[in-house]
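# Structural description and commentary
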Amino acid sequence: WDNADAWPVPDTLASAGGDIRSNSFEEAGPWDLGGSEITREKARSGKACVKLTAKNDNARGMSSPMVSLPEDPAAVITARFAVDAEMKAGRAYLLIRYFDKTSAPVTTVRRESHTELWNTAASTGGWQEKAITFGREGSAAQVKLPPTAAKFIFHVNFWNSDNRCDGTIWLDDLVFDGLSA
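Residues numbered from 1 in each chain as written. Predicted model: local features only at pLDDT ≥ 70, side-chain atom pairs only at ≥ 80, totals over all residues. Heavy atoms only, no water.

## Thoughts on the pairing of strand β4 (residues 49-57)
As a reminder of what qualifies: In this description, strands pair whenever DSSP reports at least two bridges between them. Counting from the N terminus, the helices are the DSSP runs of H or I reaching at least four residues and the strands are the DSSP runs of E reaching at least two.
Across three bridges, the pairing between strand β3 (residues 37-39) and β4 is antiparallel. Opposite Glu37, over in β4, you have Lys51 as the bridge partner. Pairing analysis gives seven bridges linking β4 to strand β13 (residues 165-177), with the strands arranged antiparallel. In the sheet register, Leu52 faces β13, and the bridge partner there is Ile169.

## Quick word on the side chain of Ser36
Under the convention used in this document: Only protein chains enter the area calculation, which uses a 1.4 Å probe; residues under 20% of their type maximum are buried, those over 50% are exposed, and those in between are partly exposed. Definition of a polar contact: a pair of N or O atoms within 3.5 Å, with one able to donate and the other able to accept a hydrogen when the atoms are protein atoms, and with sequence-neighbouring residues admitted only if both atoms are side-chain atoms. What makes two residues a contact is simply this: any of their non-hydrogen atoms within 4.5 Å.
As for its placement among the helices and strands, Ser36 is situated in the loop between β2 (19-21) and β3. Exposure remark for Ser36: the relative accessible area of 9% places this residue in the buried category. For Ser36, the side chain forms a polar contact with the main-chain nitrogen of Met62, separated by 3.0 Å. For Ser36, the contacting residues outside a window of four places in its chain are Val50, Lys51, Leu52, Arg60, Gly61 and Met62.

## Regarding the nonpolar core
Here is a general trend for soluble globular proteins: nonpolar side chains tend to be buried in one another's company. Quick reminder of the rule: The term nonpolar core refers to a set of buried residues drawn from Ala, Val, Leu, Ile, Met, Phe, Trp, Tyr and Cys, joined through side-chain atoms within 4.5 Å.
Ranked by size, the top nonpolar core spans 37 residues in total, and within it Met62, Phe81, Phe134, Phe154, Phe158, Leu171 and Phe176 carry the most contacts. Mapped onto this core, the elements with two or more residues apiece are β4, β7 (77-89), β8 (91-99), β9 (114-120), β10 (128-136), β11 (143-145), β12 (151-159) and β13. With six residues, the top contributor of residues to this core is β7. Non-local contacts of Leu171, meaning those with residues more than four positions away in its chain, are made with Phe25, Cys49, Val50, Met62, Phe81, Ala82, Leu94, Trp127, Phe154 and Val156.

## Let's talk about the packing of aromatic side chains
Note the cut-off: Between rings of Phe, Tyr and Trp, where Trp is taken as its six-membered ring, a pair exists when centres lie within 6.5 Å; planes separated by under 30 degrees are stacked, by over 60 edge-to-face, and by other angles tilted. By the criterion adopted, a ring carries a charge over it if an Arg CZ or a Lys NZ lies within 6 Å of its centre and within 35 degrees of its normal.
Evaluation of the coordinates by the stated rule reveals four aromatic pairs. When the ring of Phe134 is compared with that of Phe152, the centres are 5.2 Å apart and the planes differ by 80°; the resulting orientation is edge-to-face. Of this pair, Phe134 sits in strand β10 while Phe152 sits in strand β12; the two residues are 18 residues apart in sequence, bridging distant segments of the chain. Residues Phe134 and Phe152 agree in their burial class; the two are buried. For the ring pair Phe154 and Phe176, a centre distance of 5.6 Å and an interplane angle of 70° mean the geometry is edge-to-face. Note that Phe154 is positioned in strand β12 and Phe176 in strand β13, a separation of 22 residues in sequence. The class of Phe154 is buried, set by a relative accessible area of 0%. Taken together through their ring pairs, the aromatic side chains of Phe134, Phe152, Phe154 and Phe176 make up a single cluster. Positioned above the aromatic ring of Trp170, the side-chain terminus of Lys42 is 3.9 Å from the ring centre.

As C-alpha cells, then:
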C-alpha cells in the first residue's frame, strides 16, 4: 500500500479499450492477495477464483493495484463481478479505497478513505452477478467518490466491530468498465 506505483503489472490484469479485466483469477496476477487465496475449488468461470475466509477475526483480503480514474469528473466506472458468500457472523465487504494524484489517501467528512461497493452479513446461496457504478461527486454513478479522488484500489475484507467475523467469500469475473485507456 505504501508504494502502489512500484507494483509490477502482470499479464493477468489487461486493459482492453480502457477497461480492466481479471481473466477470472486464473493466476494471482497483480493482486495483493492479503489473506485471500487463488483456489480451484469453486470457480464460477474458468478454473480459479479468489477465496477469503474469516474465522473469528476481521480478515483482510485481496487488493488490486492502484488504478487511475478517468480525468473527466462526470465519468462513470462500472464494477462487474460474481460473488458467493457463506456467512455465519460479521460482514463481508467489497470496497473502493481512493487516493489523490500524489497517491495519498483522500478522506471524507466522515474521516473515511473508502466507500463500500457491496457488503453482506447473509449467505448468498450461490453465485450472484453484480454491477455497481462508481464515480466522483457530480457524476451519474450509484456510488460517489470525493471530487479530489484521482486513483483507486479495489479491496475485499471481512469486518465487524467486535472483530469476530466467521465466513467465506468467493470472487470471480471482476471487470472495471469505463476507465480511460
